[in-house]
Amino acid sequence: MHSKLSVAAAILAAALACGCGAATRPADPPADASGTASAASGAVVPAGSQSSPGNSAPSPSPPAPPLAGRVIGIDPGHNGGNFSDPGYIDQLIWNGRASETCDTTGTEAASGFTEASFNFDVATDLRADLIAAGATVVMTRQDNTGVGPCVTTRAQIINSAHADVAIDIHADGGPTWGRGFTVLEPVADGPNDAVISSSAQFGADVRAALLQDTSMPKSNYDGVDGLISRDDLAGLNLTTVPKVIVECGNMPNATDAGLLVSGAFQQGLARAFTAAIMVFLLGQPG
Ligand SMILES: [Zn+2]
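Engineer: Hey, could you run me through the overall build of the protein chain in this one?
Structural biologist: A count of helical and extended segments in the protein chain gives nine helices and eight strands. Counting all 286 residues of the protein chain, 46% fall into the buried class. Residue pairs at least 24 apart in sequence account for 81% of intrachain contacts in the protein chain once pairs closer than 6 positions are excluded. About 12600 Å² of surface is accessible on the protein chain, with carbon and sulfur atoms providing 59% of the total.

Engineer: For this particular structure, what's the right way to read the coordination of the zinc ion?
Structural biologist: The protein atoms that coordinate the zinc ion are His78 (NE2), Glu115 (OE) and His170 (ND1), at distances spanning 2.1 Å. Donor residues binding the zinc ion come from one chain and are separated in sequence as H-x36-E-x54-H. Of the two residues, histidine 78 sits in the loop between β1 (71-76) and α3 (86-89) while glutamate 115 sits in helix α4 (residues 115-132), which places them 37 residues apart along the sequence. Glutamate 115 gets classed as buried once you look at its relative accessible area, which sits at 3%.

Engineer: Before we go on, may I ask you to explain the side chain of serine 199 in this structure?
Structural biologist: Along the chain, the position of serine 199 falls in helix α6 (residues 196-213). When its relative accessible area of 0% is taken as the criterion, serine 199 is described as buried. Among all residues touching serine 199, those that are not within four sequence positions of it are Glu185, Pro186, Val241, Pro242, Lys243 and Val244.

Engineer: In this structure, what is going on with the pairing of strand β7 (residues 227-230)? I would like to understand it.
Structural biologist: Regular strands place their side chains on alternate faces of the sheet. Sheet topology note: the strand β6 (residues 182-186)/β7 ladder contains four bridges and is parallel. Opposite valine 183, over in β7, you have leucine 227 as the bridge partner. Of the crossover connections in this fold, the one passing from β6 over α6 to the parallel β7 is right-handed.

Engineer: Help me understand the sheet that holds strand β8 (residues 243-250) in this model?
Structural biologist: Across a sheet, strands are paired by hydrogen bonds formed along the backbone, either parallel or antiparallel in direction. In space, the six strands of this open sheet follow the order β4-β1-β5-β8-β6-β7, with mixed pairing throughout. Since the sheet does not close on itself, it has two edges, and those belong to β4 (136-139) and β7, each with one partner. Each adjacent strand pair in this sheet contributes to an overall mean axis angle of 25 degrees, direction not counted. Inspection of the sheet shows β1 paired to β4 by four bridges, in the parallel sense. Looking at the pairing, valine 71 lines up with threonine 136 of β4. Seen against the sheet, α4 touches β1, β4, β5 (165-172) and β8 and runs at an angle of roughly 150 degrees to β5. In this fold helix α9 (residues 263-282) packs onto β1, β5 and β8, with an angle of close to 150 degrees to the strand it touches most, β5.

Engineer: Is there a simple way to think about the environment of glycine 190 in this case?
Structural biologist: Among the secondary structure elements, glycine 190 is positioned in the loop between β6 and α6. Considering only alpha carbons, one finds glycine 190 and threonine 239, 49 residues apart in sequence, at a separation of 10.0 Å.

Engineer: It is not clear to me how the packing of aromatic side chains should be interpreted in this structure. Could you clarify?
Structural biologist: Two descriptors summarise a pair of aromatic rings, namely the distance from one centre to the other and the angle between the planes of the rings. Enumeration over the complete set of coordinates arrives at two aromatic pairs. Between the aromatic rings of tryptophan 177 and tyrosine 221, the centroid separation amounts to 6.4 Å while the plane-to-plane angle is 80 degrees, which identifies the pairing as edge-to-face. Of this pair, tryptophan 177 sits in the loop between β5 and β6 while tyrosine 221 sits in the loop between α6 and β7, and the two are 44 residues apart along the sequence. A relative accessible area of 57% places tryptophan 177 in the exposed class. Relative to phenylalanine 280, the ring of phenylalanine 202 has its centre 5.3 Å away and its plane inclined at 55 degrees; by these criteria the two rings are tilted. Here phenylalanine 202, found in helix α6, pairs with phenylalanine 280, found in helix α9; they are 78 residues apart in sequence, far enough to count as distant.

Engineer: What is the right way to look at the nonpolar core in this model?
Structural biologist: Generally speaking, a soluble globular protein has its nonpolar side chains buried in company with each other. Formed by 42 residues in total, the largest nonpolar core has its most connected members in Phe118, Ile169, Val206 and Phe273. At the level of secondary structure, the elements contributing two or more residues to this core comprise β1, α4, β4, β5, α6, β8, α8 (254-260) and α9. Among the elements that take part in this core, α9 stands out by supplying ten residues, more than any other. Other than its neighbours up to four places away in sequence, isoleucine 169 contacts Ile74, Asp75, Pro76, Gly77, Phe118, Asn119, Val122, Ala123, Leu126, Val246, Cys248 and Phe273. Core analysis: the next-biggest nonpolar cluster, separate from the first, contains seven residues, Ile93, Cys102, Val151 and Leu238 among them.

Reading guide: rules and limits
- Residues numbered from 1 in each chain as written.
- Predicted model: local features only at pLDDT ≥ 70, side-chain atom pairs only at ≥ 80, totals over all residues.
- Heavy atoms only, no water.
- Helix = DSSP H or I, 4+ residues; strand = E, 2+ residues; numbered from the N terminus.
- Buried < 20%, exposed > 50% of the residue type's maximum accessible area, 1.4 Å probe, protein only.
- Contact = heavy atoms within 4.5 Å.
- Areas by Shrake-Rupley, 256 points an atom, 1.4 Å probe, with all protein chains shown as cover.
- Donors = N, O, S within 2.8 Å, 3.2 Å for Na, K, Ca; no water.
- Pairing = 2+ DSSP bridges.
- Right-handed = clockwise from strand over helix to strand, strands pointing away.
- Axes fitted to C-alpha atoms, helices over the stretch in contact; angles between N-to-C directions.
- Phe/Tyr/Trp six-rings, centres within 6.5 Å; stacked < 30°, edge-to-face > 60°.
- Core = buried A, V, L, I, M, F, W, Y, C linked by side-chain atoms within 4.5 Å.

The structure is reproduced here in structure tokens:
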């Protein structure tokens, strides 16, 4: 039932098992040129040196973790301090097609649990999972107490980091009867032209992972089959890296809210996103 996670686990297992050939080259000379020259000339080396003759086998390097060298962008939507500074978040910015506000406060559950908190909680879990898998993670905000940054700046932070893929984490404020997640994908507008198809692929990976690895259903009130194209959001209009926005559930709905406030469910979302990122970046079948 957790086939996506199983794929990710299989990739990890394969990486751990392969050893990447290091163990098959115990007699290789040191790659460093001076070390090779030293050994070839019979120069005196300090006792106990790793490069002394007869003890020249290099220590096998541990296998690289699966996301080593990859850069992942995470944008936890809104910010906990946005409520306190409407003058800042209401300023108009250009989202690539039209004017919109710098940011909003986001929605909240009936209990008062805010979307900003939810977004940051999931982002923090996801960051930990990705770092454990070897990735470099760039987040657009570092806490849930500040204001902003504007959605344009968030896009720029991830673009400037040249992320291999990015995910914007949100929860929706839909009708109280509505349930489920929606994956929002970009529409070509110039700046994002080069990442439309890759973002759609990533969106499909995210959708599949959410369906297989979490109990959140596809939205029954937004999009089609859990997906929707949006041309009115800076985060998608301005992106130059493959990116989707995920509305992880509908906070005004009591059933969804019961899941979204759960730390265990948030961690499950992070694991699903990690699995989707690994499928997307490592070329495994979706
Ligand atoms: Zn939001």
